[in-house]
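Structural description and commentary
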Amino acid sequence: MKEADTAIKNAIQTLPEKYKNAVSLRYVKDLTLTEISDQMKVPMATIKTQAFRGREIIRRKLAKSM
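Residues numbered from 1 in each chain as written. Predicted model: local features only at pLDDT ≥ 70, side-chain atom pairs only at ≥ 80, totals over all residues. Heavy atoms only, no water.

The name that an unreviewed UniProt entry assigns to the chain is ECF RNA polymerase sigma factor SigW, with the source organism given as Paenibacillus nuruki.

**Quick look at the environment of Glu35**
The criterion, for reference: Here a strand is any run of E in DSSP of at least two residues, a helix any run of H or I of at least four, and the numbering for each starts at the N terminus. Counting of polar contacts relies on pairs of N or O atoms within 3.5 Å, with two restrictions inside protein: one atom must be capable of donating a hydrogen and the other of accepting it, and residues adjacent in sequence are counted only when both atoms are side-chain atoms.
Considering the arrangement of structural elements, one finds Glu35 in helix α3 (residues 33-40). Separated by ten residues in the primary sequence, Glu35 and Leu25 have C-alpha atoms spaced 9.0 Å apart. Engagement of the side chain of Glu35 in a polar contact is seen with the backbone nitrogen of Thr32, the distance being 2.8 Å.

**Details of the UniProt feature "domain: RNA polymerase sigma factor 70 region 4 type" (unreviewed entry) in the chain**
Rule in force here: UniProt positions are given in the numbering used here, feature names are shortened, and annotations may be inferred rather than shown by experiment.
Listed under "domain: RNA polymerase sigma factor 70 region 4 type" (unreviewed entry) in the UniProt record, and renumbered for this structure, are residues 7-56. Overall, residues 7-56 shows 80% helix and 0% strand. The separation of its end C-alpha atoms is 15 Å.

**A word on the packing of aromatic side chains**
Put simply, the rule is: We call Phe, Tyr and Trp rings a pair once their centres come within 6.5 Å, taking the six-membered ring for Trp, and we label the pair stacked below 30 degrees between planes, edge-to-face above 60, and tilted otherwise. By definition here, charges over rings are those cases where NZ of Lys or CZ of Arg is within 6 Å of the ring centre and within 35 degrees of the ring normal.
Applying the stated criterion across every chain yields a total of zero aromatic pairs. If you follow Arg26 out to its NZ or CZ, it ends over the ring of Tyr27, 5.8 Å from the centre.

**Description of the nonpolar core**
Here is a general trend for soluble globular proteins: nonpolar side chains tend to be buried in one another's company. Put simply, the rule reads: Take the buried residues of types Ala, Val, Leu, Ile, Met, Phe, Trp, Tyr and Cys, join any two whose side-chain atoms come within 4.5 Å, and each joined set is a nonpolar core. The classification of residues rests on relative accessible area computed with a 1.4 Å probe and restricted to protein chains. Under 20% of the type maximum is buried, over 50% is exposed, and intermediate values are partly exposed. By the convention used here, residues are in contact when the closest approach between their heavy atoms is within 4.5 Å.
Grouped together as the largest cluster of nonpolar side chains are seven residues: Ala11, Ile12, Leu15, Tyr19, Val23, Ile57 and Ile58. Contributing elements (two or more residues each) for this core: α1 (3-13), α2 (17-28) and α4 (44-65). Once residues lying within four places of it in the same chain are set aside, the contact partners of Leu15 are Lys20, Val23, Gly54, Ile57 and Ile58. Membership of the second largest hydrophobic core comes to five residues, among which are Leu31, Leu33, Ile36 and Ile47.

**Here's the deal with α3**
This is how the line gets drawn: By definition, the arc is the one covered by directions from the helix axis to the C-beta atoms.
Considered for burial, the residues of α3 that qualify are Leu33, Ile36 and Ser37. Looking down the long axis of α3, one finds its buried residues gathered within 100° of arc, a one-sided arrangement. In α3, the exposed positions that point more than 90 degrees away from the buried face belong to Asp38 and Gln39. Tucked inside the fold, the buried residues of α3 contact α2 and α4.

**Examining the pattern of salt bridges**
Which entries qualify depends on this criterion: A side-chain nitrogen of Lys or Arg and a carboxyl oxygen of Asp or Glu constitute a salt bridge if their distance falls within 4 Å.
Applying the stated criterion across every chain, the model contains two salt bridges. The partner of Lys20 in a salt bridge is Glu17, with the nearest N and O atoms 3.6 Å apart. A residue pair is termed a helical-turn pair when its members lie 3 or 4 positions apart in one helix, as Lys20 and Glu17 do in helix α2 at three residues. By relative accessible area, Lys20 is classed as buried at 16%. Across the pair Arg59 and Glu56 runs a salt bridge whose closest N-O atoms are separated by 2.8 Å. Remark: Glu56 and Arg59 occur in helix α4; sequence separation between them is three residues, near one turn of the helix.

Right, here's the structure in full:
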């Protein structure tokens, strides 16, 4: 596994639970927003927001570490 992959996976693990779930399901398990919404039983707009915010947190963490 590449160093960048490890850093991203570690960053995902540090996210608050609601963001971690959305990001993991969307980008690690490659589920659609509709699938995630159905699975988590929350509106799709909420999933979009959580995935976006989680991604931004990860982006900032990784930018700081470089």
